[in-house]
Amino acid sequence: MSFRSCIALAAAALLALAVPALAQQPIVIKFSHVVALDTPKGKGAEYFKKLAEERTKGRVKVEVYPNSQLYKDGEEMEALQLGSVQMLAPSVAKFGPLGVREFEVFDLPYIFDSFGELHKVTEGPVGKMLFQKLESKRIIGLAYWDNGFKDFSANKPLKLPGDVKGLKMRIQSSNVLEAEIRALGGIPQKMAFSEVYQGLQTGVVDGTENPPSNFYTQKMHEVQKYLTLSDHGVIEYAVIVNKKFWDGLPGDIRTTLAGAMKDATKYANDIAKKENDEALAAVKASGKTEIITLTPAEKNAWKKALLPVHKDNESRIGKETLADVYKATGFTP
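Residues numbered from 1 in each chain as written. Predicted model: local features only at pLDDT ≥ 70, side-chain atom pairs only at ≥ 80, totals over all residues. Heavy atoms only, no water.

1. So, the pairing of strand 1 (residues 27–32)
Note: strand 1 against strand 2 (residues 60–65), six bridges, orientation parallel. Looking at strand 2, one finds that V28 is bridged to K61. Each parallel crossover has a hand, and the one from strand 1 via helix 2 (residues 40–55) to strand 2 is right-handed. Sheet topology places strand 1 next to strand 3 (residues 87–88); two bridges connect them, and they run parallel. (Pairing = 2+ DSSP bridges. Helix = DSSP H or I, 4+ residues; strand = E, 2+ residues; numbered from the N terminus. Right-handed = clockwise from strand over helix to strand, strands pointing away.)

Here it is, written out as structure tokens:
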């Protein structure tokens with residue numbers, strides 16, 4: 001056998017060994033989000049990782065990056081579309097700036113009175129319709145995850161809508177939320193979630209709105225003297241995936257991951273209320289933030305002040321979408 005033939009055989013043998021090794025490389029899903037691990041979304045992401053890796057028997061590896069480790073909430077959507085990450089769980093408020101304004105219906109104040117009403121939308125035809133609108137943006141919607149109902153916080157007591165007047169209030173990047181703060185006489189300030197603590201600490205903003213779980217895990221209770229239990233809106237997340245990546249997965253892997261996501265969604269949504277209740281109790285126990293519970297008359301004053309936001313954003317969100325949500329929840333404007 002010639003020297004050249006020996007080299008060829010050796011190369012073929014090495015290639016034969018390399019191919020199985022390459023074939024066994026797991027499919028990596030980078031799952032980025034902006035909140036802490038010990039929140040409903042943080043725990044949901046970790047549970048999805050566990051289920052996905054177990055059920056695919058190691059064929060899929062999920063790398064979870066919490067607390068804006070990879071991208072801030074103003075950057076992550078572009079990263080997903082470019083394929084730099086495969087999975088996100090942003091607040092649905094992020095889809096308005098993307099051009100899918102119908103999602104801003106979730107930002108309307110007092111449109112949901114309970115998780116039950118919220119689920120009539122997210123688990124029904126409206127939720128599916130909204131996800132379909134993301135596909136033209138190279139995004140697939142997999143699930144809706146609850147966080148909780150938002151409360152206003154500030155360094156002065158907010159008992160009535162007029163108490164917000166003149167305050168700089170941090171909001172997510174949403175025109176509806178901007179209209180909400182303006183309706184209260186406040187000054188809306190759009191700011192990345194990862195920057196909120198410092199913004200509050202330094203006085204760049206005077207207050208914000210958050211569910212208790214985000215308020216506590218981000219230590220906002222250390223820099224806010226008052227938390228008003230206004231329950232004026234929801235923070236709802238959508239677990240989304242890069243469309244090209246998702247469509248390119250082997251069929252059996254995609255089916256397995258969809259099943260894991262379904263179970264992770266139930267887990268995340270089941271713990272949302274419990275996590276927020278526990279976070280609120282922890283805020284109270286800290287003694288650093290005074291909790292303000294509104295009387296029925298005070299709560300009605302907030303609702304009356306914020307109701308015009310619905311009508312003002314009807315054309316932006318779309319009359320049909322708004323009507324579908326009203327019908328699903330029984331809301332009467």
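2. Topic: the packing of helix 4 (residues 115–122) against helix 14 (residues 319–329)
Relative to each other, helix 4 and helix 14 sit at 135°, their axes nearing to 9 Å. Taken together, the axes of helix 4 and helix 14 are oblique relative to one another. Crossing geometry of helix 4 relative to helix 14 is assigned as right-handed. Residues E117, K120 and V121 of helix 4 form the contact with helix 14, whose own contacting residues are V325, A328 and T329. Of the residues belonging to the contact of helix 4 with helix 14, the class tally is three nonpolar, one polar and two charged. (Axes fitted to C-alpha atoms, helices over the stretch in contact; angles between N-to-C directions. Parallel < 35°, antiparallel > 145°, perpendicular 65-115°, else oblique. Left-handed = near helix turned anticlockwise from the far one by under 90°. Contact = heavy atoms within 4.5 Å. Nonpolar A, V, L, I, M, F, W, Y, C, P; charged D, E, K, R; others polar.)

3. Considerations on the packing of helix 2 against helix 10 (residues 251–286)
The interhelical angle for the contact between helix 2 and helix 10, taken along N-to-C directions, is 150°, at an axis separation of 8 Å. One way to sum up the angle between helix 2 and helix 10 is to call them roughly antiparallel. Helix-helix and strand crossings are classified by hand; for helix 2 and helix 10 the assignment is right-handed. Only T256, L257, G259, A260, M261, D263, A264, Y267, A268, I271, A272 and E275 of helix 10 make contact with helix 2, whose side of the interface consists of P40, K43, G44, Y47, F48, L51, A52 and R55.

4. Digging into the pattern of salt bridges
Counting across every chain of the model gives 17 salt bridges. Here D252 makes a salt bridge to R59, at a shortest N to O gap of 2.8 Å. Of this pair, D252 sits in helix 10 while R59 sits in the loop between helix 2 and strand 2; the two residues are 193 residues apart in sequence, bridging distant segments of the chain. Judged by its relative accessible area of 41%, R59 falls in the partly exposed class. (Salt bridge = Lys/Arg side-chain N within 4 Å of Asp/Glu carboxyl O. Buried < 20%, exposed > 50% of the residue type's maximum accessible area, 1.4 Å probe, protein only.)

5. A look at helix 6 (residues 175–183)
Residues V176, L177, E180 and I181 constitute the buried set of helix 6. Buried residues of helix 6, seen end-on, are gathered within an arc of 140° and therefore sit on one face of the element. The opening residue of helix 6 is S174, an N-cap whose side-chain oxygen sits 3.3 Å from the backbone nitrogen of V176. Where helix 6 terminates, the next one or two residues include G185, which has phi positive at roughly 85°. (Arc of directions from axis to C-beta. Polar contact = N/O pair within 3.5 Å; in protein donor to acceptor, adjacent residues only side chain to side chain.)

6. Focus: the nonpolar core
Membership of the largest hydrophobic core comes to 52 residues, with the highest contact counts inside it found for F95, F103, F106, F112 and I240. Examining the composition of this core, we find that five residues originate from one element, strand 4 (residues 139–154), more than from any other. Excluding residues within four positions of it along the chain, F103 makes contact with V92, F95, L130, F131, L134 and Y144. Core analysis: the next-biggest nonpolar cluster, separate from the first, contains 42 residues, A89, V196, A268 and V283 among them. (Core = buried A, V, L, I, M, F, W, Y, C linked by side-chain atoms within 4.5 Å.)

7. Things to note about helix 5 (residues 125–132)
For helix 5, the set of buried residues is V126, G127, L130 and F131. Buried residues in helix 5, looked at end-on, bunch into an arc of 135°, giving them a common side. Of the exposed residues in helix 5, those oriented more than 90 degrees away from the buried face are P125, K128 and Q132.

Just geometry here; none of it tells us what the structure is for.
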